[in-house]
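# Observations on chain architecture
Next come the chains, spelled out residue by residue.
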Amino acid sequence: MVDSQYYLPNDIGVSALDCREAFSLLSPREQMYSHFLSRAAWYGGLAVLLQTSPESANIFVLLQKIFRKQPAAELEPVAMAAGLTSEEYQAFLVYAAGLYANMGNYKSFGDTKFIPNLPKVRVLLLLKTNLRQPGEMEALWDSCSSALFSLEGKQKQLGLGSKGITTYFSGNCGLEDAELAQKFLDFQKLSAYNTRLFKTEKGGKMSYEVRLASAVKSGTGETRCGSFSFEDQEFTVKRGDYAQIMERVCHYLEEAQAHAASENQTKMLEGYRRSFTFGSIDAHKEGSRFWIKDKGPTVESYIGFIESYRDPFGSRGEFEGFVAVVNKAMSERFAKLVSSAEVLLPELPWPRDFEKDTFLKPDFTSLDVLTFTGSGVPAGINIPNYDDIRQSEGFKNVSLGNVLAVAYATQKEKLTFLEEDDKDAYIKWMLPSFEMQVGLHELLGHGSGKLFVQQTVGVTSWYRGNETWDSRFSTIASSYEECRAECVGLFLCLNKLALSIFGHEGQDAEDVVYINWLYMVRAGLLGLEFYTPESSSWRQAHMQASFVILRVLLEAGEGLVHLEEVAGADGRPDARIALDRTKIHTVGKSAIQRFLCKLQVLKATADVAGGRALYDGYSAVTDSGPHDFLRLRDTVLLRKEDRKMLVQANTRVQGEAVELVEYEGSAAGLIHSFTERFQEDAEQLEADLLELSKRDSPFKPCKATASSSGANSQG
């Protein structure tokens, strides 16, 4: 029997992301602008298949061909007639929906592989009922079926070298290759964000290919390409990664330009188009500068290679794009927070010299998402991620209101590890407290703090040349920064001004603070699901950050946090975590204050050794000390609940108007949304994806054997 963490349960939550009212309030021009931006984002999001695993693109094409021929409802009686049970068919639908929702066969939140929760022979039986072109479908199945079911060794999770699977690097790359490549990129003043690295052997000597994401494959452009010698190694920089995908992205961005509302939007899209045409991060930065200047648009968007969470080295960005409509009522609160930032920032516990010289007031809006592509949908965003722009020109913050309302809602019976007395208050105040935490986290967490880029009195280290936060702190950068931002949120949520901005006064304010802190310590316990003991590694940046904060608050002592292992009502192992609300403003605040100051000082001064020692120390999961966290991890896995999947609408042009097409909140609805999303050039798109996948095939980490796939196929 396969461990439940490697498949998605039949009863997994699936919810439709509602944006009908927000979309209906847009003008025809704004709707058309939103439509073409969404098309660009959806096509760009297909690059994530190639950024996730060697087999993801082939599985995606296989599923598209199955469900384009017969929608889920029509396929069901055929599957039943072929001998599948209703549970097996639902398991197949859930797997397909999971592949679409995560843009690959590894969970976007946790980086764990998931396989179908039915035997391989049963999937093949279903496939044979759907053979429109037997030779083509059988070849497609043969190309991905072994990897689709394999849980062999490192294929269980994403990672670099022996720690897991990655397609940001060829399968023969290790940490030393990633470090060498980063040095080369820094020397060439090239960003890693839109690159992948492939290593080959020529005449007994290793050579490296740095591949840039671009529509053009050769010729002159904005990024320096060619062959270079660096530290006795040969490097070649080439364009053309995801070329057919990037070409479509550029086409739809050009269409969107015709409906832009301002010169800033036009120049923004032009910068993005140049970036995706030639593989130029400098062009993307230029577009991002105009995006920052585009204050208060009705339709907000961003697109590119953005977050580096899933690159095992922490430098390469996953493709992401979103299109959303501003929620004006909720945005007023965030505007007040921005206006109060210069009052709240001095409250943070680091010396004044470690804060930005000038706080560049950003846009901070609450959005109802129309489209969000990539491997997952977050609750809030602080972008762009370019350190030089953030420090000297500014950034934007967004809170995704309709995502918060759906993805983070919970039921009392599903609340694990809390005392019964806490559950009603948790359900009542969780969303208001989380909304506040997101606001503080994004604006004053990610938006605070200075990076020293030259020697300053009293500072012994700093960022030199082309070095960035990501390139220096690499593998811990994402989680470390999320932890810093979470600590800012916990610290500033104790501030009465911050509470009042979000409408919380008196006892209600105290309840919001309590649930915000309780949410964080519970998240720290839940985070153990995302730790892999075999490689002593964390698979999710935010959950590692929560665990670190739990460790800090447990270490504070004085009864602030109480964590114990118990037997559940079902007789199986369970745990209880409790927080003494009377000690949050004293013991808790002091602990976070000290820790947060350390995080910022080490980050600001590029003290990688000190930062790693601090962060790795609190990240350690052991069976020694007052808490056996390895045993608690088993308990967390026993009682875990999978994250919801979100069904997003499509848009389509009907004459001069744009129609919003919605789908039911179910696995079948999610599948239907994807088959309709790419139907206009389905055959050519699928051929292009298979060609791109084939181009990468010589660099696969390993080939799953028949015996290994069979052993894990539940047959």
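Residues numbered from 1 in each chain as written. Predicted model: local features only at pLDDT ≥ 70, side-chain atom pairs only at ≥ 80, totals over all residues. Heavy atoms only, no water.

Just so we agree on the cut-off: UniProt positions are given in the numbering used here, feature names are shortened, and annotations may be inferred rather than shown by experiment.
The protein chain goes by Dipeptidyl peptidase 3 in an unreviewed UniProt entry, where it is assigned to Gadus morhua. Per UniProt, the comment on the protein chain under Subcellular location (unreviewed entry) is "Cytoplasm". Quoted straight from UniProt, the Catalytic activity (unreviewed entry) entry for the protein chain says "Release of an N-terminal dipeptide from a peptide comprising four or more residues, with broad specificity. Also acts on dipeptidyl 2-naphthylamides."

### A short note on the overall build of the protein chain
As a reminder, the rule being used: Helix and strand definitions follow DSSP, with helices as H or I runs of at least four residues and strands as E runs of at least two, each counted in order from the N terminus. As a reference, a globule follows 2.2 Å times the number of residues to the power 0.38, and the radius of gyration itself is taken over C-alpha atoms. Here the term buried applies to any residue with accessible area under 20% of the maximum for its type, exposed to any over 50%, and partly exposed to those in between, with areas from a 1.4 Å probe on protein chains only.
The helix and strand tally for the protein chain stands at 27 helices and 17 strands. Taking 2.2 N^0.38 as the reference for a compact globule, 715 residues should give roughly 27 Å; the C-alpha atoms of the protein chain span a radius of gyration of 25 Å, in line with that estimate. Expressed as lengths along the three principal axes of its C-alpha atoms, the size of the protein chain is roughly 70 × 65 × 60 Å. Relative to its full complement of 715 residues, the protein chain shows a buried share of 61%.

### Overview of the sheet that holds strand β4 (residues 226–230)
Short version of the rule: Pairing between strands requires that DSSP locate at least two bridges from one strand to the other. Axes here mean lines fitted to C-alpha atoms, for a helix over just the part in contact, with angles spanning 0 to 180 degrees between N-to-C directions.
Sheet architecture is open: four strands sit in the order β2-β3-β5-β4, paired in mixed fashion. For this open sheet the edge positions go to β2 (195–202) and β4, each flanked by a neighbour on one side alone. In this sheet, adjacent strand axes meet at a mean angle of 25 degrees when their direction is disregarded. In this sheet, strand β5 (residues 233–241) lies alongside β4 in antiparallel orientation, the contact comprising five bridges.

### Considerations on the UniProt feature "active site" (unreviewed entry) in the protein chain
Here the UniProt-annotated "active site" (unreviewed entry) positions come out as Glu442. The residue Glu442 is located in helix α17 (residues 420–445) in this model. You can call Glu442 buried: its relative accessible area is 7%.

### A look at the confidence of the model for the protein chain
Operational definition: A residue's pLDDT is the predictor's confidence in that residue, given on a scale from 0 to 100. Every residue pair with non-hydrogen atoms within 4.5 Å of one another is taken to be in contact.
Averaged over every residue, the pLDDT of the protein chain is 93; residues scoring 70 or more account for 97%. Below pLDDT 50 for its whole length, residues 703–715 participates in 26 contacts with residues either more than four positions away or in separate chains.

### Quick look at the pattern of salt bridges
For clarity, the threshold we go by: Whenever Lys or Arg places a side-chain nitrogen within 4 Å of a carboxyl oxygen from Asp or Glu, that contact is recorded as a salt bridge.
Applying the stated criterion across every chain, the model contains 47 salt bridges. Note that Glu263 is salt-bridged to Lys267, the shortest N-O span being 2.9 Å. Highlighted residues: Glu263 and Lys267, both in helix α11 (residues 263–278), separated by four residues, approximately one helical turn. Here the residues in one salt-bridge network are Lys65, Arg68, Glu136, Glu683 and Glu686, joined through shared partners.

### Focus: the packing of aromatic side chains
What counts here: Here the aromatic set is Phe, Tyr and Trp, taking the six-membered ring for Trp, and pairing holds for ring centres within 6.5 Å; pairs whose planes are under 30 degrees apart are stacked, those over 60 apart are edge-to-face, and all others are tilted. Charge-over-ring contacts are defined here by two conditions on Lys NZ or Arg CZ: a distance within 6 Å of the ring centre and an angle within 35 degrees of the ring normal.
One pass over the structure, following the stated rule, counts 41 aromatic pairs. Within the aromatic cluster, the residues linked to one another by ring pairs are Phe36, Trp42, Tyr43, Phe60, Tyr100, Tyr252, Phe674 and Phe678. Just above the ring of Trp469 sits the side chain of Lys603; from NZ or CZ to the centre is 5.0 Å. The ring of Trp42 has Arg677 lying over it, and the distance from NZ or CZ to the ring centre is 3.6 Å.

### A short note on helix α22 (residues 584–604)
Among the residues of α22, those classed as buried are Ile584, Val587, Gly588, Ala591, Ile592, Phe595, Leu596, Leu599, Gln600, Leu602, Lys603 and Ala604. Buried residues along α22 sit against α18 (469–492), α20 (506–526), α21 (541–556), β14 (573–579) and α23 (608–619). Immediately downstream of α22, the backbone of Ala606 shows phi near 55 degrees, a positive value.

### A few points about the packing of helix α4 (residues 56–69) against helix α25 (residues 667–677)
Pairs of packed helices are described in terms of their axes, by the angle between the two and the distance that separates them. Let me state the cut-off plainly: Angles are sorted into four bins: roughly parallel if under 35 degrees, roughly antiparallel if over 145, roughly perpendicular if 65 to 115, and oblique for all others. Residues are grouped as follows: Ala, Val, Leu, Ile, Met, Phe, Trp, Tyr, Cys and Pro are nonpolar; Asp, Glu, Lys and Arg are charged; all remaining types, including Gly, are polar.
Running from N to C, α4 and α25 point in directions that differ by 95 degrees, and their axes come no closer than 10 Å. The angle between the axes of α4 and α25 places the two elements in the roughly perpendicular class. Two secondary-structure elements touch here, α4 through Phe60, Gln64, Phe67 and Arg68 and α25 through Ile671, Phe674 and Thr675. Split by residue class, the contact of α4 with α25 holds four nonpolar, two polar and one charged.

### Focus: the UniProt feature "binding site: Zn(2+)" (unreviewed entry) in the protein chain
Short version of the rule: Whenever a nitrogen or oxygen atom comes within 3.5 Å of another N or O atom, the pair is scored as a polar contact, on the condition that within protein one atom can donate a hydrogen and the other can accept it, and that pairs from neighbouring residues in sequence are kept only if both atoms are in side chains.
As recorded in UniProt, the feature "binding site: Zn(2+)" (unreviewed entry) lies at His441, His446 and Glu482. The greatest C-alpha distance among the annotated residues, which extend across 42 residues, is 8.4 Å, indicating that they converge on a single site. Following the sequence through the fold, His446 ends up in the loop between α17 and α18. By the secondary structure assignment, Glu482 is in helix α18. Residue class for Glu482 comes out buried when judged on its relative accessible area of 5%. Setting aside residues up to four positions removed in sequence, Glu482 forms contacts with Tyr309, His441, His446, His542 and Ala545. A distance of 2.7 Å separates polar atoms of two side chains, one belonging to Glu482 and the other to Tyr309.

### Things to note about the layout of surface pockets
Rule in force here: The way it works is a 1 Å grid over only the protein atoms, where trapped points that fit a 1.4 Å probe form a cavity and open points with protein on both sides within 12 Å along at least five of seven lines form a pocket, and then any residue with an atom within 4 Å of a point lines it. Grid points are joined across faces, edges and corners, and a volume is the space filled by probe spheres set on the points.
The volume enclosed by the second largest pocket comes to roughly 710 Å³. Lining the second largest pocket are 35 residues, with Ser191, Lys285, Asp388, Asn466 and Thr468 sitting closest to its centre. Of all the secondary structure elements, the ones that give two or more residues to the lining of the second largest pocket are α9 (175–188), α12 (281–293), α15 (387–392) and α18. At four residues, α15 tops the list of elements feeding residues into the lining of the second largest pocket. Taken together, the residues of the lining of the second largest pocket break down into nine nonpolar, 16 polar and ten charged.

### Quick notes on the pairing of strand β17 (residues 657–661)
Pairing between strand β16 (residues 650–654) and β17: five bridges, direction antiparallel. Of the residues in β17, the one forming a bridge with Val653 is Val658. Hairpin connection between β16 and β17: a loop of two residues separates the two successive antiparallel strands, and Gly655 in this loop has a positive phi of roughly 70 degrees.

### Brief notes about the packing of helix α6 (residues 86–102) against α25
Inclusion rule: Should the near helix be turned anticlockwise from the far one by less than a right angle, the crossing is left-handed, and should it be turned clockwise, the crossing is right-handed.
At a closest axis distance of 8 Å, the pairing of α6 and α25 adopts a crossing angle of 50 degrees. Taken together, the axis directions place α6 and α25 in an arrangement best described as oblique. Two packed elements cross with a definite hand, and for α6 against α25 that hand is left-handed. For the pair α6 and α25, contact is made by Gln90, Leu93, Val94, Ala96, Ala97, Tyr100 and Ala101 and by Ala667, Leu670, Ile671, Phe674 and Thr675, respectively. Its residues assigned to classes, the contact of α6 with α25 comprises ten nonpolar, two polar and no charged.

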